[in-house]
Amino acid sequence: MAHELDIIPGSEWGFFTLPRPMCIAGPCSAETEEQVMETAKGLHAFGIHVYRAGIWKPRTHPGSFEGVGTPGLKWLRKVKETYGMKVCTEVATEKHVLECIKYGVDVIWIGARTSANPFLMQEIADALSGTDIPVLVKNPVNPDLDLWIGALERLNRAGIRKLGVIHRGFSTSAPIPYRNDPGWKIAIELRTRYPQLAFFADPSHMAGDRKYLLELSQRAMDLGLDGLMVESHCTPDQAWSDARQQLTPASLQNLLESLVIRDNTSDNEAYKEGIDALRTRIDVIDENLLKLLKDRMDVSRRIGQYKKEHNVAILQAGRWEQLLADMVERGAQLGLSEASIRAIMTAIHDESVRVQNAILES
Ligand code: PEP
Ligand code: MN
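Conventions and cut-offs
- Residues numbered from 1 in each chain as written.
- Chains lettered and ligands numbered in written order.
- Predicted model: local features only at pLDDT ≥ 70, side-chain atom pairs only at ≥ 80, totals over all residues.
- Heavy atoms only, no water.
- Helix = DSSP H or I, 4+ residues; strand = E, 2+ residues; numbered from the N terminus.
- Expected span 1.5 Å × (residues − 1).
- Buried < 20%, exposed > 50% of the residue type's maximum accessible area, 1.4 Å probe, protein only.
- Contact = heavy atoms within 4.5 Å.
- Polar contact = N/O pair within 3.5 Å; in protein donor to acceptor, adjacent residues only side chain to side chain.
- Pairing = 2+ DSSP bridges.
- Axes fitted to C-alpha atoms, helices over the stretch in contact; angles between N-to-C directions.
- Donors = N, O, S within 2.8 Å, 3.2 Å for Na, K, Ca; no water.
- Core = buried A, V, L, I, M, F, W, Y, C linked by side-chain atoms within 4.5 Å.
- Near = heavy atom within 4 Å.
- Areas by Shrake-Rupley, 256 points an atom, 1.4 Å probe, with all protein chains shown as cover.
- Nonpolar A, V, L, I, M, F, W, Y, C, P; charged D, E, K, R; others polar.
- Disulfide = S-S within 2.5 Å.
- Salt bridge = Lys/Arg side-chain N within 4 Å of Asp/Glu carboxyl O.

**Observations concerning helix α6 (residues 145–157)**
At step 1: The first and last C-alpha atoms of α6 sit 18 Å apart over 13 residues, in line with the 18 Å expected at 1.5 Å per residue.
At step 2: When α6 is considered as a whole, its buried residues turn out to be Leu145, Trp148, Ile149, Gly150, Ala151, Leu152, Glu153, Leu155 and Asn156.
At step 3: Of the surrounding elements, those touching the buried residues of α6 are α4 (112–115), α5 (118–128), β5 (135–138), β6 (163–167), α7 (184–193) and β7 (198–201).
At step 4: The distance from a side-chain oxygen at the start of α6 to the backbone nitrogen of Asp146 is 3.1 Å, and the residue carrying that oxygen is Asp144.
At step 5: Backbone geometry just downstream of α6 places Gly159 in the positive-phi region, at approximately 95°.

Structure, rendered in structure tokens:
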């Protein structure tokens, strides 16, 4: 089922700037008035005009720094007054929303632990009803696209039309160098379904370490996302939360300057002709792939029939492992990556098993 969203694109919110990336930056947490103002000064100096700072922090362990709470909103107001920046913070409850409205917070974001919770999302949506504050929704901690879309729908039904998203990666137990699994596939899927959604990546929470910020930011730009939300702190190593992943305003400026920003498209005639020819070739190959898949499934069906007649189980694990190993090896000879061959063959095999099962049960 298609879930429609009635959205005002970021370009009409009044503070989105081109060229890409539109960068929202600021510390993980507001800690002291001095730290908030010092960081804002450094960011404002090179043109950052939307400032983030966490006021209420969702922490894994009680007793970790859980944010300064309402007094921090006064510091954000001072950032607005002093530097003319828009300010942005995370809300997780009705009370947070009401406090933000009271103190003139310009943009709010929903954290990953909150967007995963429909009760909290509904509470926040109800509290926001009647306002036109832009809301950026981070992906839920688990890779569940529908849950993410559901959170957007709740806000949209409450009348919030200035909606955007922040992709910050997913919790994983897999051994990866990053804090979170980037899971770009889900972001691309959401981008494709709702191209009008303002789309940010949060390389800081994805990375967990400042050394990965550049590669992840570059990836987000190569995927054509609109912007970045990056954690920046005047003295990152002394930060009260997420110290390893934060970087100084000066380092952030360097990072932004070293990004290679490619156009989403080009009006150049030679480019258009070339890309059209290549796309036509891709279309023909895809059509052939479909025909081959159909032929393969027809054979699977006949195998299912055959196994049924001879009372043989569908899954012959040894045969499948051998087939996969052969394909991986032959793929490698053709320059195809093991990961892609595994993913494609596993999907084809799953469907083949499903088809055979249907025969057996018929
Ligand atoms: C944050 O932005 O500081 C934060 C807590 O992020 P997330 O919800 O992505 O973990
Ligand atoms: Mn953080």
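**Here's the deal with the sheet that holds strand β3 (residues 86–91)**
At step 1: Taken together, the eight strands give a closed barrel; going around it, the order is β1-β2-β3-β4-β5-β6-β7-β8, and neighbouring strands pair in parallel fashion. Direction aside, the axes of adjacent strands within the sheet are offset by 30° on average.
At step 2: In this structure, β3 lies alongside strand β4 (residues 107–110), joined through four bridges in parallel fashion. Within β4, the residue paired with Glu90 across the bridge is Trp109.
At step 3: Contacts from α6 reach β5, β6 and β7 within the one sheet, and its direction differs from that of β6 by about 155°.

**Observations regarding unusual backbone geometry**
At step 1: Residue Pro21 follows Arg20 across a cis peptide bond; omega there is -10°.
At step 2: The topology assignment puts Pro21 in the segment before β1 (22–26).
At step 3: With phi around 50°, Asp242 is a residue other than glycine that occupies positive phi space.
At step 4: Relative to the helices and strands, Asp242 is located in the loop between β8 (227–231) and α10 (249–258).

**Description of the coordination of the manganese ion (ligand 2)**
At step 1: Taken together, Cys28 (SG), His205 (NE2), Glu231 (OE) and Asp242 (OD) make up the protein donors of the manganese ion (ligand 2), found 2.1 to 2.4 Å from the metal.
At step 2: Mapping the donors of the manganese ion (ligand 2) onto the primary sequence yields the spacing C-x176-H-x25-E-x10-D. Placement of the pair is Cys28 in the loop between β1 and α1 (33–44) and Asp242 in the loop between β8 and α10, with a sequence separation of 214 residues.
At step 3: Given a relative accessible area of 1%, Cys28 falls into the buried group.

**What about the nonpolar core?**
At step 1: Counting 71 residues, the largest nonpolar core has Tyr51, Leu128, Val135, Leu155 and Leu190 as the members making the most contacts within it.
At step 2: Per-element tally for this core: the top contributor is α6, with six residues.
At step 3: What Leu155 contacts, discounting residues up to four positions off in sequence, is Met121, Ile124, Ala125, Leu128, Val135, Val137, Ile160 and Leu163.
At step 4: Ranked by size, the runner-up nonpolar core spans 15 residues in total, among them Ile8, Ile24, Val107 and Trp109.

**Description of the site of ligand 1**
At step 1: Neighbouring residues of ligand 1: Cys28, Arg52, Lys57, Glu90, Trp109, Gly111, Ala112, Arg113, Lys138, Arg168, His205 and Glu231.
At step 2: Arg113 is positioned such that a nitrogen or oxygen atom in its side chain is 2.9 Å from an oxygen atom of ligand 1.
At step 3: Contact between ligand 1 and Lys138: an oxygen atom at 2.8 Å from a side-chain N or O atom of the residue.
At step 4: For ligand 1, whose accessible area on its own is 300 Å², the fraction buried by protein is 97%.
At step 5: Residue composition of the shell around ligand 1, grouped by class: three nonpolar, two polar and seven charged.

**A short note on the state of the cysteines**
Covalently bonding the sulfur atom of one cysteine to the sulfur atom of another cysteine gives a disulfide.
At step 1: This structure, assessed with the given rule, holds zero disulfides.
At step 2: No disulfide involves Cys234; its sulfur sits 13 Å from the nearest other cysteine sulfur, which is in Cys28.

**A word on the pattern of salt bridges**
At step 1: Overall, the coordinates contain 18 salt bridges when judged by the stated rule.
At step 2: In this structure, Arg262 and Asp222 form a salt bridge, with 2.6 Å as the shortest nitrogen-oxygen distance. Within this pair, whereas Arg262 is found in the loop between α10 and α11 (269–309), its partner Asp222 is found in helix α9 (residues 213–222), the two being separated by 40 residues in sequence.
At step 3: Residue Asp222 is classed as partly exposed on the basis of its relative accessible area, which comes to 42%.
At step 4: Look at the salt bridges and you will find they share partners, linking Lys294, Asp298 and Arg301 into a network.

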